[in-house]
Amino acid sequence: MVTVRNYDIPALRQLDVAHHLPAQSSYGLQVELGGSRIITHAQGSTVYDGDGHAILDGMAGLWCVNVGYGRPELVEVAARQMHELPFYNTFFRTATVPPIELAARLAGLLGGELQHVFFNNSGSESNDTVFRLVRTYWAMKGQPQRSVFISRHNAYHGSTVASASLGGMDYMHVQGGLPIPGVEHVMQPYAFADGFGEDPDVFATRAAQAIEDRILAVGPENVAAFIGEPVQGAGGVIIPPRGYWRKVEAICRKYGILLVSDEVICGFGRLGQWFGFQHYGITPDIVSMAKGLSSGYLPISATGVSREIVAVLRASGEDFVHGYTYSGHPVAAAVALRNIQIIEDEDLVRRTREDTGPYLARALAQRLADHPLVGEARSLGLIGAVEIVAEKGTNRRHGGGGQAGPIVRDACIARGLMVRAIRDSIVMSPPLVITHAEIDQIVDTIAAALDASAGALAALD
């Protein structure tokens, strides 16, 4: 049982405002609210704040705490590795034991030609590595003009300059003069918004065709790679229609373009397979991963790379002059190895695929799909979204759009459920250890929050 320290929460909130700049936040709102909500401890699928509120964590932290909170096994392995070797780098032809063993373990999970792994510290850095690796590969093959990446509008690939440019979120591009040159964005496979009422097969073909059309417009000889999340997470849990990913893969192979699967959210069991590309039956050339790799217990990410790409790098005789001080940090790698073992020992991937994932889908369908404010309730494995609409049977939004999600989210949090608002939707991504009763609590709380928000939503119209 966790021993909780007696914190001075008002004093901490003052320090938060005075000195702390939280990630992706309005600093004006931080001051207006008198500081952040301070989370002090957690257990299982529940977090607790400094005011004594228990909050069911429907977001697994930030899409990442797959094995749940309070796992003593991960604490113990971190302590053991810290005693033995707290840190050494992987520069200058050196390595430590945990990242070598973790690379081999990940190669086994990835399978096929994905037998090499480069370590980073975050999902953003993993995709930064993708950016440099892909361009370096083509240059070493004597085709330096192949430098253009194709991504999707509303995709999220991180917050570094390169990864935010790969992403397709306009509001991120406004700050910092992004995207950098060499990144093209095409339509996303968001059927509820961009293909409402359209035959799913027709929409899948149209969304994939947008990629081929852009390849032809740019010139296939100039295109390096296509990058996409199997399911777009921060974009709003955009689950592509059946057949979309196989069509995308065929297009990449047709033009000799590398296929990159961003598994930062979808990896490590989230969709009911170890990786999202395995669910969709495709074979990428590069895989970026993070979050569930350590269940968020320590910062670590990885980039899985095919044998063919590594063979080109090795044949060149040149250094790949890229890396981070903490690439392959031994403590983070040891924790990731133990985390993977927990996922395997507790059969969480199969459980997500065959038990809790289907249970969530049924709960959403039975208790939310018919709600007058719900346009669609969708999920795959343990990731889902509820679309909020102004008129049942349509995809018309309240007001000018984009305001409904935060209203309902705040009503959920007030009722003890942490979910995320993305425009006019509520999204969820609970720990893989979530129980049926906790899934019921998630769905019932969203329903209650929708009911309580009806007046505020109507006022937007």
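1. Quick notes on the overall build of the chain
Per the secondary structure count, the chain includes 17 helices and 15 strands. For the chain, whose C-alpha radius of gyration is 22 Å, the value lies close to the compact-globule estimate of 23 Å for 461 residues. Dimensions of the chain, computed from C-alpha atoms along their principal axes, come out at roughly 65 × 55 × 45 Å. A buried classification covers 53% of the 461 residues belonging to the chain. Long-range contacts, defined as pairs at least 24 residues apart, comprise 71% of the intrachain contacts of the chain with a sequence gap of at least 6. Of the accessible surface of the chain, which amounts to about 19300 Å², a share of 55% is contributed by carbon and sulfur atoms.

2. Details of the pairing of strand E11 (residues 374–380)
Pairing of E11 with strand E12 (residues 383–388) involves 6 bridges; the strand directions are antiparallel. Within E12, the residue paired with Ala377 across the bridge is Val386. In this antiparallel pair of consecutive strands, E11 and E12, the connection spans 2 residues, and Gly381 shows a positive phi of 60°.

3. Observations concerning the packing of helix H16 (residues 404–414) against helix H17 (residues 436–458)
Taken N-terminus to C-terminus, the directions of H16 and H17 make an angle of 130°; their axes are 8 Å apart at the nearest point. Compared by their axis directions, H16 and H17 come out oblique. In the crossing of H16 with H17, the sense of the turn from one axis to the other is right-handed. Residues Ala404, Ile407, Val408, Ala411 and Cys412 of H16 touch H17, and the partners they reach there are Thr445, Ile446, Ala449, Leu450, Ser453, Ala456 and Leu457. For the contact of H16 with H17, the class distribution of residues is 10 nonpolar, 2 polar and no charged.

4. A closer look at the sheet that holds strand E8 (residues 258–262)
Read from one edge to the other, the open sheet built from 7 strands follows the order E4-E10-E9-E8-E7-E5-E6, with strand pairing classed as mixed. A single partner strand is all that each edge strand has here, and the edge strands are strand E4 (114–120) and strand E6 (183–186). Taken pair by pair, the neighbouring strands of this sheet meet at an average axis angle of 20°, ignoring direction. Contacting strand E5 (148–152), E6 and strand E7 (223–228), helix H10 (residues 200–218) runs over the sheet at an angle of about 145° to E6.

5. Some points on the nonpolar core
Among the nonpolar cores identified, the biggest contains 98 residues, and Leu102 and Leu106 are the most heavily contacted of them. No other element matches helix H14 (residues 330–345), which puts 10 residues into this core. If you look at the next biggest cluster of nonpolar residues, it comprises 21 residues, including Phe131, Phe149, Ala225 and Val260.

6. Points about the pattern of salt bridges
Counting across every chain of the model gives 22 salt bridges. Between Glu73 and Arg71 there is a salt bridge, and its shortest N-O distance comes to 3.2 Å. In this structure, Glu73 and Arg71 share a single accessibility class: buried. Linking Asp440 and Arg367 is a salt bridge whose minimum nitrogen-to-oxygen distance equals 2.6 Å. Here Asp440, found in helix H17, pairs with Arg367, found in helix H15 (residues 348–367); they are 73 residues apart in sequence, far enough to count as distant.

7. Comments concerning the side chain of Ser288
Looking at the element boundaries, Ser288 is found in strand E9 (residues 286–289). Among all residues touching Ser288, those that are not within four sequence positions of it are Ser126, Asn127, Val130, Ser261, Asp262, Glu263, Val264 and Ala302.

8. Some details on the environment of Gly328
Within the secondary structure, Gly328 is located in the loop between helix H13 (307–316) and H14. Overall, Gly328 belongs to the buried group, its relative accessible area being 1%. A sequence separation of 17 residues divides Gly328 from Ala311, and the C-alpha atoms of the two residues are 21 Å apart. Sequence-distant contacts of Gly328, defined by excluding residues within four places in its chain, comprise Thr90, Thr96, Pro99 and Phe119.

9. Some points on the environment of Ile9
Relative to the assigned elements, Ile9 resides in helix H1 (residues 9–19). Residue classification places Ile9 among the buried positions, given a relative accessible area of 6%. The spacing of Ile9 and Ile38 is 29 residues in sequence and 7.6 Å in space, taken between C-alpha atoms. Apart from the residues lying within four places of it in its own chain, the contact partners of Ile9 are Ile38, Thr40, Gly50 and Asp51.

10. A few points about the packing of aromatic side chains
For the structure on display, the rule yields 11 aromatic pairs. Note on Phe268 and Phe275: the rings are 5.2 Å apart at their centroids and 65° apart in plane angle, and the pair reads as edge-to-face. Assessed through its relative accessible area of 0%, Phe268 is described here as buried. In this structure, Arg146 packs its charged tip against the face of Trp138, placed 4.5 Å from the ring centre.

Rules used throughout
Residue indices begin from 1 for each chain and proceed along its sequence in written order. In view of the model being predicted, local features appear only for residues whose pLDDT reaches at least 70, and side-chain atom pairs are presented and counted only at 80 or more, with totals across whole chains, interfaces and linings using the full set of residues. Where side-chain values are given, they derive from all heavy atoms of the structure, hydrogens and water being excluded. In DSSP terms, a helix is any run of H or I states spanning at least four residues, a strand is any run of E spanning at least two, and both are numbered starting from the N terminus. It is over C-alpha atoms that the radius of gyration is taken, and the globule rule equals 2.2 Å times the number of residues to the power 0.38. Buried residues are those whose accessible area, probed at 1.4 Å on protein chains only, stays under 20% of the maximum for their type, while exposed residues exceed 50% and partly exposed ones sit between those limits. The contact rule is simple, with two residues in contact once any of their heavy atoms fall within 4.5 Å. Accessible areas in this description were obtained via Shrake-Rupley with a 1.4 Å probe; residue shielding takes into account the shown protein chains only. Strands are treated as partners if at least two bridges between them are detected by DSSP. Each axis is a line fitted through C-alpha atoms, taken for helices only over the stretch in contact, and angles between the N-to-C directions span 0 to 180 degrees. Convention used here: angles under 35 degrees read as roughly parallel, angles over 145 as roughly antiparallel, angles from 65 to 115 as roughly perpendicular, and any remaining angle as oblique. In this scheme the handedness of a crossing depends on how the near helix is turned from the far one: anticlockwise by less than a right angle means left-handed, clockwise means right-handed. Asp, Glu, Lys and Arg are counted as charged, while Ala, Val, Leu, Ile, Met, Phe, Trp, Tyr, Cys and Pro are counted as nonpolar; the rest, among them Gly, fall into the polar class. For the purposes of this section, nonpolar cores are sets of buried Ala, Val, Leu, Ile, Met, Phe, Trp, Tyr and Cys residues that join through side-chain atoms within 4.5 Å. Criterion for a salt bridge: a side-chain nitrogen of Lys or Arg within 4 Å of a carboxyl oxygen of Asp or Glu. Working definition: rings of Phe, Tyr and Trp (its six-membered ring) pair if their centres are within 6.5 Å, and the pair is stacked with planes under 30 degrees apart, edge-to-face with planes over 60 apart, and tilted otherwise. Counting as a charge over the ring demands two things of the Lys NZ or Arg CZ atom: a distance within 6 Å of the ring centre and an angle within 35 degrees of the ring normal.

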